[in-house]
Amino acid sequence: MSSLRSYYYKLPPTLRLLGRKIYYFPIDFYEGISGKRAKNEPKKGDIYVGNSDFIPHGIRQMNALKKYIDLKNTDHVLDIGCGIGRTAVALSGFIDKGTYDGFDAVEKGVKWCQKHIQKKYPNFTFKFTPIYNDLYNTFSEKAENFIFPYDNAQFDKTFLFSVFTHMQIPEIKQYLKEISRVLKNDGQCLATFFLYDDSKVEVGSMHFPYQYDGYRLMDNKVTAANIAISTSLLDQIAHDAGMKVVAIQGGFWRNDIKKEDADEFQDIVVFEKIKSK
């Protein structure tokens, strides 16, 4: 873990968001006075997930959804952990005959999306869900007990970019069960993970030194910092949730995968809901 990242994780949740804002202030100030920032792009200091270019990365995520789960403009989709709209901005120019719903535990991200996307695209809806995460907040509601605020079999597709990498095993189990519930029969979900095989200790540029039963942590004090999961445990969790893993595409965090050969930094996993009899 880099020294800067280590220091970042030592800060309390509210100071992490503030620290990021201060860190990017010079760039945000320059882009503001020079007009370099796109109209549908938030300030870098307000983007609390990821550090890549906002617009290009959102487009890459949209293309991954088209490629791996055959996303269509008529689909009803759910973006779990929608953040400050990186994927939603890209999808706003694509999903015109379907619907988009997104929720997130960081209120300022949801408010930005409501103001800059939902007002312009009425088929896009964003909800703030105050769920505890030791990386971002101190809310009392636990993700491992959280019920998605959506009906059964409401969506054709769901997706999560860099969400499961910040959750613990009981939380992942609950979310996959809820994903299965809100998906239609044969519905699909794309999610990103850091995955490893039990036979390999280290597989990439991210390091997870704290070993537990079927998973590893980057930081054992800030447990939501990053988590890696064994493929065998993920298969079992998916099965218990009424889902199955149908495809895995390694990300370029891995030592054996080149950046130009991957669609995401993290590993892409495609789940399919097991059809009810």
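Going by the structure above, here's the rest.
Let me sum up the structure you'll find in this document. A quick note: this is a predicted structure, and the numbers were derived from the prediction, not measured. Residue indices begin from 1 for each chain and proceed along its sequence in written order. In view of the model being predicted, local features appear only for residues whose pLDDT reaches at least 70, and side-chain atom pairs are presented and counted only at 80 or more, with totals across whole chains, interfaces and linings using the full set of residues. The basis for the side-chain values is all heavy atoms of the structure; hydrogens and waters are excluded.

**Looking at the nonpolar core**
Here comes step 1: In terms of nonpolar packing, the biggest core is built from 37 residues, with Phe 148, Phe 164, Tyr 175, Ile 179 and Phe 271 touching the most fellow members.
Here comes step 2: Taken together, the elements giving at least two residues each to this core come down to strand 1 (76-80), strand 4 (155-160), helix 7 (169-182), strand 5 (183-196), strand 7 (215-217), strand 8 (227-230), helix 8 (231-240) and strand 10 (267-273).
Here comes step 3: Working definition: helices are DSSP H or I runs of at least four residues, strands are E runs of at least two. Numbering for both runs from the N terminus. The biggest single contributor to this core is helix 7, with six residues.
Here comes step 4: Counting 29 residues, the second largest nonpolar core, distinct from the first, contains Leu 65, Ala 88, Val 89 and Cys 113. Only buried residues count toward a nonpolar core, which is a set of Ala, Val, Leu, Ile, Met, Phe, Trp, Tyr and Cys residues joined through side-chain atoms within 4.5 Å. A simple rule labels every residue: compare its accessible area, found with a 1.4 Å probe on the protein chains alone, to the largest value its type can have, and call it buried under 20%, exposed over 50%, or partly exposed in between.

**A look at a nonpolar patch on the surface**
Here comes step 1: Only residues whose relative accessible area exceeds 30% and that form no salt bridge are eligible for patches; like-charged ones are grouped when within 9 Å, while nonpolar side chains (Val, Leu, Ile, Met, Phe, Trp, Tyr) are grouped when within 5 Å. Here the accessible surface of atoms and residues is derived via Shrake-Rupley with a 1.4 Å probe, and residues count as covered only by protein chains that are part of the display. The term salt bridge refers to a pairing of a side-chain nitrogen on Lys or Arg with a carboxyl oxygen on Asp or Glu at a separation within 4 Å. Residues Phe 25, Phe 29, Tyr 30 and Ile 33 make up a contiguous nonpolar surface patch of about 480 Å² in total accessible area.
Here comes step 2: You can see Ile 33 is positioned in helix 3 (residues 25-34).
Here comes step 3: Relative accessible area serves as the criterion here: at 60%, Ile 33 is assigned to the exposed category.

**Section: the packing of aromatic side chains**
Here comes step 1: Two rings from Phe, Tyr or Trp (for Trp, the six-membered ring) form a pair when their centres are within 6.5 Å of each other. A pair whose planes differ by under 30 degrees is stacked, one over 60 is edge-to-face, and the rest are tilted. In total, this model carries 20 aromatic pairs according to the counting rule given.
Here comes step 2: Consider the rings of Phe 103 and Tyr 150, whose centres lie 6.2 Å apart with planes at 35°: the pair is tilted. Of this pair, Phe 103 sits in strand 2 (residues 99-104) while Tyr 150 is found in the loop between strand 3 (124-128) and strand 4, placing the two residues 47 residues apart along the sequence. For the pair Phe 103 and Tyr 150, one class covers both residues: buried.
Here comes step 3: On the basis of an interplanar angle of 50° and a centroid distance of 5.5 Å, the ring pair of Phe 194 and Phe 208 is categorised as tilted. Pair noted here: Phe 194 is in strand 5 and Phe 208 is in the loop between strand 5 and strand 6 (210-212), with a separation of 14 residues, a long-range link.
Here comes step 4: Among the residues examined, Phe 208 registers a relative accessible area of 3% and is labelled buried.
Here comes step 5: Following the ring pairs from residue to residue traces out a cluster consisting of Phe 103, Phe 146, Phe 148, Tyr 150, Phe 155 and Tyr 175.

**Topic: unusual backbone geometry**
Here comes step 1: Positive phi values are uncommon outside glycine, yet Asp 70 reaches one of about 55°.
Here comes step 2: By the secondary structure assignment, Asp 70 is in the loop between helix 4 (54-69) and strand 1.
Here comes step 3: Classification of Asp 70 by relative accessible area gives partly exposed; the value is 42%.

Without other data, these values stay purely geometric and don't point to any function.
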